[in-house]
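Residues per chain are reported as follows:
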Amino acid sequence: MEFIARYGINQESEHPFTPDSILNISEIGLIVEDAVNIGNKMIQNKIYERDKKTISNHYLNFMGIKSKGIFVILAQPGRKWLFSEKYSAIFPLEIELDNNKVLKVNVDKEFKIEDS
């Protein structure tokens, strides 16, 4: 796990850092076989690319609201993570968003969006 400070968004505090200091998860990776197809499904569900760019199978796609600084990083398997020697892979995952949508990848690597 990596902690990233978003200085334009974070609240100031005089208290030491503890688990209670965590406001939210600012980025989480969502690895899928076809980022363009899944990205378009996310857009249909009002989960937009942060800069309104076209979804790519070759680059990281930051899905979310830029002013909030919270993103689902949509990418394909086999991509080397920045500042790491690790490569992206598909794993079962469930992400509950604040717009009452749940992004799911099951053990068979199938993706779906559900209402929470």
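Everything below is about the structure shown above.
Residues numbered from 1 in each chain as written. Predicted model: local features only at pLDDT ≥ 70, side-chain atom pairs only at ≥ 80, totals over all residues. Heavy atoms only, no water.

Student: Any chance you could explain the sheet that holds strand β5 (residues 101–105) here in plain terms?
Tutor: Pairing between sheet strands relies on hydrogen bonds along the backbone, with the strands arranged either parallel or antiparallel. Taken in spatial order, the three strands make up an open sheet running β4-β5-β6, and their pairing is antiparallel. The sheet is open, and its two edges are formed by β4 (93–96) and β6 (111–115), each paired on a single side. Adjacent strand axes in the sheet meet at a mean angle of 15°, parallel and antiparallel pairs treated alike. Pairing analysis gives four bridges linking β4 to β5, with the strands arranged antiparallel. If you follow Glu94 over to β5, its bridge partner there is Lys104. (Pairing = 2+ DSSP bridges. Helix = DSSP H or I, 4+ residues; strand = E, 2+ residues; numbered from the N terminus. Axes fitted to C-alpha atoms, helices over the stretch in contact; angles between N-to-C directions.)

Student: I keep staring at the pattern of salt bridges and nothing clicks. Help me out?
Tutor: Working definition: two side chains of opposite charge can pair if their charged atoms are close together. Applying the stated rule across the entire model yields eight salt bridges. A salt bridge links Asp51 to Arg50; its shortest N-O distance comes to 3.5 Å. A residue is classified by how much of its surface remains accessible, and Asp51, at 31% relative accessible area, is partly exposed. The partly exposed category is assigned to Arg50, whose relative accessible area is 29%. (Salt bridge = Lys/Arg side-chain N within 4 Å of Asp/Glu carboxyl O. Buried < 20%, exposed > 50% of the residue type's maximum accessible area, 1.4 Å probe, protein only.)

Student: What am I meant to see in the nonpolar core here?
Tutor: The biggest cluster of nonpolar side chains holds 22 residues, and the ones touching the most others in it are Leu30, Val32, Met42, Val72, Leu74, Leu103 and Phe111. In terms of residue count, the dominant contributor to this core is strand β3 (residues 70–75) (five residues). Those residues in contact with Leu103, other than ones at most four positions away along the chain, are Leu30, Met42, Ile47, Val72, Leu93, Glu94, Ile95, Leu97, Phe111, Lys112 and Ile113. (Core = buried A, V, L, I, M, F, W, Y, C linked by side-chain atoms within 4.5 Å. Contact = heavy atoms within 4.5 Å.)

Student: What's the story with the pairing of strand β2 (residues 61–65) in this structure? I'm lost.
Tutor: On a regular strand, one side chain projects to one face of the sheet and the next to the other, so that they alternate. Within β2, four of the five residues are buried, which leaves it mostly tucked inside the rest of the structure. Judged from the five bridges that link them, β2 and β3 form a sheet pairing that is antiparallel. Looking at the pairing, Gly64 lines up with Phe71 of β3. The loop that links β2 with its antiparallel partner β3 comprises four residues; one of these, Gly69, has a positive phi angle of about 70°.

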